[in-house]
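The chain contents come next:
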Amino acid sequence: WANYLDVQIEMSKQPGQDGVCGNMNGNQGDDTTQAIMARVGARVRPSETLLSGQALIEWTPQMDKMMRVECSATTRAAGHAKCTQYLGANGNVVNSCTFDYCFGMNVR
């Protein structure tokens, strides 16, 4: 994808650490996208972000098609419910979050 970037960040383990990269307990089985969302939520709430500015949320026709074709209805519904509950929003913010729920681990 033209808008995709892989990065590697290295740091020492912190007490209570958890997030998109997992919880650093050495068990990859509990670091799935769904498990992480269950522990820490779908996204960083705007009131909790440490960064300035606001993220640009894009929803493309390609993303819409990919989600309809490659993400099961059950997974899509679970992601949509989780994202709506956590973010309290609609539209592209929830669509983008649901996309992450479906494909966040890049495993298809």
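These remarks concern the structure in this document. (Residues numbered from 1 in each chain as written. Predicted model: local features only at pLDDT ≥ 70, side-chain atom pairs only at ≥ 80, totals over all residues. Heavy atoms only, no water.)

## As for helix 3 (residues 73–87)
Part 1: The end-to-end C-alpha separation of helix 3 is 21 Å, in line with the 21 Å expected for 15 residues at 1.5 Å each.
Part 2: All of the buried residues along helix 3 are G79, C83 and Y86. Along helix 3, the residues classed as buried sweep out an arc of 70 degrees about the axis, all on the same side. Opposite the packed face of helix 3, turned more than 90 degrees from it, sit the exposed residues A73, T74 and Q85.
Part 3: Of the surrounding elements, those touching the buried residues of helix 3 are helix 1 (33–40) and helix 4 (92–103). (Helix = DSSP H or I, 4+ residues; strand = E, 2+ residues; numbered from the N terminus. Expected span 1.5 Å × (residues − 1). Buried < 20%, exposed > 50% of the residue type's maximum accessible area, 1.4 Å probe, protein only. Arc of directions from axis to C-beta. Contact = heavy atoms within 4.5 Å.)

## Comments concerning helix 4
One full turn of an α-helix is made of 3.6 residues, so residues set three or four places apart face in the same direction.
Part 1: Between its terminal C-alpha atoms helix 4 stretches 16 Å, which fits the 16 Å expected from 12 residues at 1.5 Å a residue.
Part 2: Every buried residue of helix 4 is listed here: V94, S96, C97, T98, F99, Y101, C102 and F103.
Part 3: Considering only its buried residues, helix 4 is in contact with helix 1, helix 2 (61–70) and helix 3.

## So, the packing of helix 1 against helix 4
Part 1: Between helix 1 and helix 4, whose axes approach to 8 Å, the crossing angle comes to 130 degrees. With respect to helix 4, the axis of helix 1 lies oblique. Contacts from T33, Q34 and M37 in helix 1 reach C97, D100 and Y101 in helix 4.
Part 2: Residue classes in the contact of helix 1 with helix 4 are distributed as three nonpolar, two polar and one charged. (Axes fitted to C-alpha atoms, helices over the stretch in contact; angles between N-to-C directions. Parallel < 35°, antiparallel > 145°, perpendicular 65-115°, else oblique. Nonpolar A, V, L, I, M, F, W, Y, C, P; charged D, E, K, R; others polar.)

## Considering the pattern of salt bridges
Part 1: All chains considered together, the criterion is met by three salt bridges.
Part 2: With a shortest N-O distance of 3.6 Å, R39 and D31 are connected by a salt bridge.
Part 3: One continuous salt-bridge network, built from bridges that share partners, spans D18, D31 and R39. (Salt bridge = Lys/Arg side-chain N within 4 Å of Asp/Glu carboxyl O.)

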